[in-house]
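# Examination of the molecular architecture
Spelled out from the first residue to the last, the chains are:
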Amino acid sequence: MCGIIGYCGHRPAVPLIIEGLKRLEYRGYDSAGVAFARKDGFEVIRSAGKLGNLEEKLGGLYVYEASAGVGHTRWATHGAPTEQNAHPHTDATGRLVIIHNGIIENYAELKAEMAAQGVTFRSETDTEVLVNLIAKGLDETKDMLQALSWALNRVEGAYAIALQNIDEPDAIYAARKSSPLVMGLGVGENFVASDIPAFLPYTRKVVFLEDGEMCKITASSWSVFQVRDITPVDKEVHTIDWDVQAAQKGGYKHFMLKEIFEQPKVIRDCLAGRLDLSASRVCLPEIENMEIPERLIIVACGTSYHAGLWGMYLLESWAKVPVSVEIASEFRYRDLILDEKDVVLAISQSGETADTLAGIRIAKERGAKIIGLCNVVGSSVARESDAVIYTQAGPEISVASTKAMCSQLTALLLLALYWGEKRGSLDSKLRDGAVRGLSELPGLLEAELPALRGKASQLARKYSEARSFLYLGRGLNYPLAMEGALKLKEISYIHAEGYAAGEMKHGPIALIDPNFPTFALAPVDDLYPKVKSNLEEVQARAGKIIALTGPEAELAVDDPWRVPTPQSPLCSFVFLPALQLFAYEMADYLGKDVDQPRNLAKSVTVE
Ligand code: M6R
């Protein structure tokens, strides 16, 4: 959701910025732009659509002289995704140029106030209002840090901004509140960006800005201050341990495909140091000082929410912890009954999802303890939680989340084993079987993924004319059905609903006809006879069925998809990539933009 990069250094800034924006493309965007200082003022080049359009425009210009500049990919909030609304924006006098990720909630009042004072606006954006407000602050204070502090203390909402002043063309100022911003520290060059991949080829040294902080960078210096009163802040410099390779396609056609195929490694990495095979024990040092919660509330969005629902079944069954799972955007506006005895488990791949973060903050205010389950080291969720369990999935670039969910399921399984063991509620045979099964899972998956892809491709072609799908599952397979439906709709734009199989007869069954296929999750387990009856109900109405099931299943459906099914819950780790690959193959066959589906952003940092 909007990508920001600012650079001060010794290299030509514009090509470096464009390259950085390409590495932020995964965030989702619909227009882009860059700005840098020339002798007579800022050069601002913007275009609607993809970065290729911007590059075409830049092709005709000499842009190699600037060694500082800012660049932006915009995911439209205020105003259509046109060139006029694209960032960067300058203030009315052209002294300041800004890029912004987030939403200024009180922009309409501020805009009316400034318009009454004679300021004219050229776009529909809240960002143009903000840059004019900072310019007003500069008129009053004659100092950039003071101007920023003055203006930002007047705005409500969320922002990560980077801006330049034409009087200091070799410096960039930046600030954040509720939107991600990180500084990269190089040798004779410094960066600010929404995410680390933007500058990873140049440095692995990073400083994470906190909410309410602003910074100034030049090629040879950096400093951080409180927005509130400009007091300097001491910051820790972190070293990132993953490399550019991890954020590249590595020969795969799409990031999504690469990330699906990385799942065996993801499981291994998530288990590393946490699973003691010889003692059949799980170690989670991150939470060893925490009591088993009397009640656990899982808060998350999208795929992470589905992972949370899946985890609920295990945590209740193995660890006997009462669990509720909440969609973060609902949780944050409820009249919550929470207190210090409650534990909130916030699940987020990016660690920057605005609704999940808001949920954390509200729960904290009520005294609840927070465990963050997230992938991105140093992210806001990680920093604001009392304890963090990192899922160790590595950078996930494709907008459709795949390997992150696999890592979340692995971590949730470990958590259920850990608390189950600690409470003594876990049958030792079951525990030993799960631990052994977990350790064998990566190998099994590695062997199976190519065949899963082949079958997914064949089925996608066969069903490519369907305009709607019903995904059905029971128990642990119900959240997986929801996830299968989400994957299909987000990348292939085919409508799909994930339903609890037993609930089908309470409504969706009315939709069944020969053109409305059902995708069933039907492992041969305790619930198999129930799912089988549900599928007979579908068949009685001439509905076509694809059914993911075990090798031993005798299912008379149109397309049984027989896969190895290790003992539940490990079977989910085979079903999950099958669902992901079906959506992937469908989207690719239909010619959709798999890694950057329309209207979607990788990390949803606004409400
Ligand atoms: O980074 P998060 O896990 O907090 O993101 C939550 C959702 O925005 C995310 O899972 C979204 O639903 C994905 N596009 C799903 O593929």
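Quantities reported herein were computed from a predicted structural model and do not represent experimental measurements. Sequence order as written defines the numbering, with residues in each chain counted from 1. Given that the model is predicted, a residue must reach a pLDDT of at least 70 before its local features are reported, and side-chain atom pairs must reach 80 or more before they are shown or counted; all residues, however, enter totals for whole chains, interfaces and linings. Excluded from the side-chain calculation are hydrogens and water; included are all heavy atoms of the structure.

We now examine the packing of aromatic side chains. Aromatic rings from Phe, Tyr and Trp, with only the six-membered ring used for Trp, were paired whenever their centres fell within 6.5 Å, and each pair was classed as stacked if the ring planes differed by under 30 degrees, edge-to-face if by over 60, and tilted otherwise. Inspection of every chain in the model, using the stated rule, returns twelve aromatic pairs. One aromatic cluster is present, formed by Tyr463, Phe469, Tyr471, Phe519, Trp561 and Phe582 through successive ring pairs. Lying across the ring of tyrosine 493, arginine 598 places its NZ or CZ 3.8 Å from the centre. Any Lys NZ or Arg CZ that is within 6 Å of a ring centre and within 35 degrees of that ring's normal is treated as a charge sitting over the ring.

Salt bridge criterion: a side-chain nitrogen from Lys or Arg within 4 Å of a carboxyl oxygen from Asp or Glu. Inspection of the entire model under this criterion finds 36 salt bridges. A salt bridge links arginine 361 to glutamate 384; the shortest N-O distance between them is 2.6 Å. Of this pair, arginine 361 sits in helix H10 (residues 354-365) while glutamate 384 sits in helix H11 (residues 380-384), and the two are 23 residues apart along the sequence. Under the scheme applied here, a residue whose accessible area is under 20% of the maximum for its type counts as buried, over 50% as exposed, and between as partly exposed, the area being computed with a 1.4 Å probe on protein chains only. You can call glutamate 384 buried: its relative accessible area is 18%. Linked by salt bridges that have partners in common, Arg176, Asp211, Arg361 and Glu384 make up one network. Strands are runs of DSSP state E lasting at least 2 residues, helices are runs of H or I lasting at least 4, and numbering of each runs from the N terminus.

On to the domain arrangement of the protein, then. All domain edges in this entry derive from an automatic or database-based domain assignment. Domain annotation of the protein identifies domain 1 (3-246), domain 2 (249-426) and domain 3 (448-592). In this structure, domain 1 and domain 3 have C-alpha centres spaced 45 Å apart.

This paragraph deals with the site of the ligand. It suffices for a single heavy atom of a residue to lie within 4 Å of a molecule or strand for the residue to be listed as near it. Close contacts around the ligand come from 13 residues, with Ser304, Ser348, Ser350, Thr353 and Glu490 the closest. Counted as a polar contact is a pair of N or O atoms within 3.5 Å, where, for protein atoms, one must be capable of donating a hydrogen and the other of accepting one, and residues adjacent in sequence contribute only when both atoms are in side chains. Within the backbone of threonine 303, an N or O atom sits 3.0 Å from an oxygen atom of the ligand. Contact with the protein chains covers 91% of the free accessible surface of the ligand, which is 410 Å². If you list the elements that add at least two residues to the shell around the ligand, you get helix H8 (302-319) and helix H14 (477-492). For the shell around the ligand, the residue count by class is three nonpolar, eight polar and two charged. Computed with a 1.4 Å probe, the accessible areas rest on the Shrake-Rupley method; for each residue, only the protein chains presented here act as cover. Asp, Glu, Lys and Arg are counted as charged, while Ala, Val, Leu, Ile, Met, Phe, Trp, Tyr, Cys and Pro are counted as nonpolar; the rest, among them Gly, fall into the polar class.

Another point: the packing of helix H7 (residues 263-271) against helix H12 (residues 403-423). Between N-to-C directions, angles cover 0 to 180 degrees, with each direction set by a line fitted to C-alpha atoms, over the stretch in contact for helices. Where H7 meets H12, the closest approach of the two axes is 9 Å, and the angle between their N-to-C directions is 35°. Taken as a pair, H7 and H12 cross one another with a handedness that is right-handed. Taking contact as the criterion, the partners of Gln263, Val266, Ile267, Cys270 and Leu271 in H7 are, on H12, Lys403, Cys406, Ser407, Thr410, Ala411 and Leu414. Considering only residue class, the contact of H7 with H12 consists of seven nonpolar, three polar and one charged. When the near helix sits turned anticlockwise from the far one by under a right angle, the crossing is termed left-handed; a clockwise turn instead gives a right-handed crossing. In what follows, residue pairs with any heavy atoms lying within 4.5 Å of each other are defined as contacts.

In this fold, isoleucine 166 is placed in the loop between strand E7 (157-165) and strand E8 (172-177). Separated by 71 residues in the primary sequence, isoleucine 166 and arginine 95 place their C-alpha atoms 5.3 Å from one another. Excluding residues within four positions of it along the chain, isoleucine 166 makes contact with Ala37, Arg38, Gly41, Phe42 and Arg95.

When DSSP locates at least two bridges between a pair of strands, those strands are taken to pair. One open sheet accounts for five strands, arranged E18-E17-E19-E20-E21; its pairing is parallel. Of all the strands in the sheet, the pair left with one neighbour each is strand E18 (323-327) and strand E21 (387-390). Adjacent strand axes in the sheet meet at a mean angle of 20°, parallel and antiparallel pairs treated alike. Pairing of strand E19 (residues 342-348) with strand E20 (residues 369-374) involves six bridges; the strand directions are parallel. Residue pairing in the sheet places alanine 346 in a bridge with glycine 372 of E20. Sitting on the sheet, H10 is in contact with strand E17 (295-300), E19 and E20, with an inclination near 165° to E19. The sheet contacts of H12 involve E17, E19, E20 and E21, and relative to E19 the element is tilted by about 155°.

With that settled, consider helix H1 (residues 13-23). Taking burial as the measure, the eleven residues of H1 include eight buried ones, the bulk of the element. The set of residues buried in H1 consists of Ala13, Val14, Leu16, Ile17, Ile18, Gly20, Leu21 and Arg23. Summarising the contacts, the buried residues of H1 are in contact with strand E1 (3-8), strand E2 (31-38), helix H2 (51-59), strand E4 (68-74) and strand E10 (190-193).

Time to look at the side chain of threonine 391. Assignment of secondary structure puts threonine 391 in the loop between E21 and H12. On the basis of relative accessible area, threonine 391 is assigned to the buried category, the value being 1%. In this structure, threonine 391 is in contact with Cys270, Leu373, Cys374, Asn375, Ser407, Gln408 and Ala411, ignoring residues within four places of it in sequence.

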